[in-house]
Amino acid sequence: MPASETLPEPAPPEEPQLSSFIRTIPDFPVPGIQFRDVTTLFQDARAFRRAVDGLSAPFADRGLEVIAAMDARGFILGGAMAYALGLPFVPIRKKGKLPGTTLMESYTLEYGEASVEIHEDAFAAGARVLLIDDLIATGGTAIAGVRLIERLGGELVAAGFVVDLPDLGGRRKLEAMGVETHVLMAFDGE
Ligand SMILES: O=P(O)(O)OC[C@H]1O[C@H](OP(=O)(O)OP(=O)(O)O)[C@H](O)[C@@H]1O
Ligand SMILES: Nc1ncnc2[nH]cnc12
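About the criteria used
- Residues numbered from 1 in each chain as written.
- Chains lettered and ligands numbered in written order.
- Predicted model: local features only at pLDDT ≥ 70, side-chain atom pairs only at ≥ 80, totals over all residues.
- Heavy atoms only, no water.
- UniProt positions renumbered as here; feature names shortened; annotations may be inferred.
- Helix = DSSP H or I, 4+ residues; strand = E, 2+ residues; numbered from the N terminus.
- Near = heavy atom within 4 Å.
- Polar contact = N/O pair within 3.5 Å; in protein donor to acceptor, adjacent residues only side chain to side chain.
- Areas by Shrake-Rupley, 256 points an atom, 1.4 Å probe, with all protein chains shown as cover.
- 1 Å grid on protein atoms, 1.4 Å probe; cavity = no way out; pocket = protein on both sides within 12 Å on 5 of 7 lines; lining within 4 Å.
- Sits in = over half its atoms within 2 Å of the grid points.
- Points joined across faces, edges and corners; volume = space filled by probe spheres on them.
- Nonpolar A, V, L, I, M, F, W, Y, C, P; charged D, E, K, R; others polar.

1. Thoughts on the UniProt feature "domain: Phosphoribosyltransferase" (unreviewed entry) in the chain
Feature annotation in UniProt places "domain: Phosphoribosyltransferase" (unreviewed entry) on residues 65-165, given in this structure's numbering. Note that residues 65-165 is 25% helix and 46% strand, and that its end C-alpha atoms are spaced 28 Å apart.

Have a look at this one:
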């Protein structure tokens, strides 16, 4: 072989399925719940990057102006996406945490009730907003987020989640409301 010729790059090792990074914990936080834990995905740098890139990919040319995300695990993904896409980040926080004037929505979820808030000046009316959370189950949390964005006059472009639990029907509810919904993986059996 001439000195200038180089050997082909070895094929990169196959990446494991992203879903293999999600840990399932039975009976948390209450008996009967199969808790799908995304922290084990965040702990792996490549899996975390794949999740952030996978959630961002459909929106390259969609004219997004704001990333809004749900307290608390949605912040980890939404913050990374806002940084990567060069967009402002808006937190939708659990009640009582935001210091400014807020709008509030209350909802029920698989294991309790909660209220979330957004700053009333989080973005200008008409802003094109993407809503992000780690997981959609009953949809209560995401629908509360959608309502807050709409009450502020935002134009909701879509909602994105790493995990969908289809048996709990949240994604169907969001789509029935006309919300374009993206998920990276689904787990049956909830
Ligand atoms: O579709 P739903 O039935 O509303 O459930 C989904 C929500 O539940 C989890 O958050 P949780 O309320 O446990 O709060 P945390 O992120 O503060 O732990 C999850 O991170 C979603 O936000
Ligand atoms: N089963 C579940 N696992 C993780 N987060 C959740 N949020 C609501 N239900 C959940």
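2. Regarding the site of ligand 2
Near ligand 2 there are eleven residues, and of these Gln34, Phe35, Arg36, Glu110 and Tyr111 occur at the shortest range. Here a nitrogen atom of ligand 2 sits 3.0 Å away from a polar atom, N or O, in the main chain of Gln34. One of the backbone nitrogen or oxygen atoms of Arg36 is found 2.9 Å away from a nitrogen atom of ligand 2. Protein chains bury 94% of the 260 Å² of accessible surface belonging to ligand 2 in isolation. Most atoms of ligand 2, that is more than half of them, are within 2 Å of grid points of the largest pocket.

3. Description of the layout of surface pockets
Its volume calculated, the largest pocket comes out at about 420 Å³. Lining the largest pocket we find 26 residues, and of these Arg73, Leu109, Tyr111, Leu135 and Thr141 sit closest to its centre. If you list the elements that add at least two residues to the lining of the largest pocket, you get β2 (34-37), β5 (102-109), β6 (112-119), β7 (128-136) and α4 (140-151). Per element, the largest residue contribution to the lining of the largest pocket is four residues, and it comes from β7.

4. A word on the site of ligand 1
The local shell around ligand 1 holds 15 residues, among which Tyr111, Asp133, Asp134, Thr138 and Thr141 are the closest. Ala72 has a polar backbone atom sitting 3.0 Å from an oxygen atom of ligand 1. A distance of 2.5 Å separates an oxygen atom of ligand 1 from a polar side-chain atom of Asp134. For the shell around ligand 1, the secondary-structure elements that each account for two or more residues are β7 and α4. Here the shell around ligand 1 takes four residues from β7, the largest share from any one element. Classifying every residue of the shell around ligand 1 by side-chain character gives six nonpolar, four polar and five charged.

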